[in-house]
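# Tertiary structure, described
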Amino acid sequence: MDDSLNGFTGFANKGQHSVPRYVRRDTGTYSDEPLQFDPNQLQDISPLDRRWAWVEIDLNAIKHNTQQIRSRIGRERRLLAVVKSDAYGHGAVRVAKMALNSGADYLGVATISEAIELREALINAPILILSQPPETAIPLLLGYKVMPTVYTPDFAIQYAETADAYGMDAPFHLAVNTGMNRIGVRFDEVVTFLQQISFHRALKLAGTFTHFATADESETLDFQRQFKRFVQAINAMTAAGFDPGIVHCANSAAAIRFPETHCDMVRWGISLYGLHPSSQTRPLIDLQPAMSVHARITDARFVPMSEGVSYGLHYRSPGSVKICTIPIGYADGFNRLLSSKTDVIFQGRRYKQVGNICMDQCMFEVDLRSRGSYRAREPQIGDEVLVLGRQGDAVITLDDMANTCGTISYELACNFGLRMPKVYV
Ligand SMILES: *Cc1c(COP(=O)(O)O)cnc(C)c1O
């Protein structure tokens, strides 16, 4: 026993009540009955009044970014809005509706569950799953009228037979592997594949597509080889008497950089959200980021000089700063690799995030000494802070954060969407 504890062994009443109970103050008795709150009244406490951290999605930016690509591809081509992973963290239903209202005709998702969410929100547009789901999901595809990507004969036949049993067609898009080597029928085996499955009357080839591995890179050789192989596959199909349906290959990067890849449809993913697939596209198109991340200060305190802050106490207070806490952490998508390497914006100025980012909270410092003519207003509990976004000239982007973490904006956007409430403006 540590002598400094002076024989202290704990509190006398420990373990007496395993569940806390609320005393009824009128009768003085304990009650196990639920407290009498109107459930509707509880429901009316908005997400922003429950926790001071939220993601704001600017739907006008979604509209702008949709119109930007629509004006480039013209009226005749189709535009597929990629809304997988809850629309890259932006909220699939709201984004899908706005994209469809602003010029998109098709939706792309990764999973059948993502597609069902859209159908249950009464979205009627064609939905393509961008990979081949397990055969066990086939009834869902037909029940919810969601098109799969197909590249194995087993799946194709099973899908066709299930559809046939219900007297339905089985529309699908064929994935062609032109060099990314992720999914698809190899470009020089497409005709053989179609001959293998074409006996089945229910199968309807609604589209044929491939996906580029390097459309965002400055070196274009691999991209060009893929595109050539894709054209070769389409030509072979046509020559063999197969109608490829809607021909598509362009992701955001290809759509912006290489108009010759627009074909019959463009798959607009990251740029729908106002983000650039790489620095290659930056000079070529005006995009507006739709996502910003906000929080309110939950604690603001002077920390004596040289005392540490957060797990590990790696940051030490210089004494002249106020340490402010905000309720956003790595479980909200605020990647822990950003610890002490990003800023937050408060009152239009950048301040250093300090100490390790925790699971649900993190801290930043506000230096209260005058800087030239500027002296920060003392931060107060409840003041709003910007973790991602723009305020006046101060801006923190997903690309900045991604560079710091050694990843891409796509991943960070998805993660910010995971737990925080979303506000649409
Ligand atoms: C995710 C995805 C896209 C969208 O790519 P972006 O780079 O976000 O535009 C397009 N096509 C396929 C097959 C995808 O999986």
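### A word on the overall build of the protein
Counting secondary structure elements, the protein contains twelve helices and 21 strands. For the protein, buried positions account for 48% of its 425 residues. For the protein, contacts bridging at least 24 residues in sequence account for 65% of all contacts bridging at least 6.

### Here we look at the domain arrangement of the protein
Under the domain assignment used here, the protein contains domain 1 (55-277) and domain 2 (291-424). Domain 1 and domain 2 are separated by 38 Å when their C-alpha centres are compared. Domain 1 puts 15 residues into the contact, and the matching count from domain 2 is 17 residues. Interface of domain 1 and domain 2: buried area, both sides summed, is about 1500 Å²; carbon and sulfur atoms make up 60% of it. At the boundary of domain 1 with domain 2, the tally comes to one salt bridge. Summed over the shared surface of domain 1 and domain 2, the number is six residue pairs in polar contact (both at pLDDT 80 or more). Breaking the side of domain 1 that touches domain 2 down by element, the ones donating at least two residues are β1 (53-57) and α3 (84-88). When grouped by side-chain class, the residues that make up the side of domain 1 that touches domain 2 number seven nonpolar, five polar and three charged.

### Some remarks on helix α11 (residues 398-405)
Listed in full, the buried residues belonging to α11 are Leu398, Asp399, Met401, Ala402 and Cys405. For α11, the angular spread of buried residues about the axis comes to 160°, placing them on one side. For α11, the secondary structure elements touched by its buried residues are β19 (384-391), β20 (394-396) and α12 (409-416). Of the residues flanking the end of α11, it is Gly406, one or two places downstream, whose phi is positive at about 70°.

### As for the side chain of Thr210
One can find Thr210 in the loop between β8 (203-209) and α9 (221-239). Look at Thr210 and you get buried, because its relative accessible area is 2%. A polar contact is formed between the side chain of Thr210 and the side chain of Thr178, at a distance of 2.8 Å.

The rules behind the values
Starting afresh in each chain, residues are numbered from 1 along the sequence in its written order. Local features in a predicted model are, by the rule used here, given only for residues with pLDDT of at least 70; side-chain atom pairs are given and counted only at 80 or more, and totals for whole chains, interfaces and linings are based on all residues. Based on all heavy atoms of the structure, the side-chain values leave hydrogens and waters out of the count. Per the convention used, a helix needs a DSSP run of H or I reaching at least four residues, while a strand needs a run of E reaching at least two, with both numbered from the N terminus. Each residue is assigned to one of three classes by its accessible area relative to the maximum for its type, calculated with a 1.4 Å probe on protein chains only: buried under 20%, partly exposed between the two thresholds, exposed over 50%. What makes two residues a contact is simply this: any of their non-hydrogen atoms within 4.5 Å. An automatic or database domain assignment supplies the residue ranges for each domain. Here the quantity called buried area is the accessible surface, traced with a 1.4 Å probe, that two parts lose on coming together, added over both. Whenever Lys or Arg places a side-chain nitrogen within 4 Å of a carboxyl oxygen from Asp or Glu, that contact is recorded as a salt bridge. Any pair of N or O atoms that falls within 3.5 Å is considered a polar contact. Within protein, one atom must be able to donate a hydrogen and the other to accept it, and sequence-neighbouring residues count only if both atoms are side-chain atoms. Three classes are used, and their members are as follows: Ala, Val, Leu, Ile, Met, Phe, Trp, Tyr, Cys and Pro are nonpolar, Asp, Glu, Lys and Arg are charged, and the others, Gly among them, are polar. It is the directions from the helix axis to the C-beta atoms that the arc portrays.

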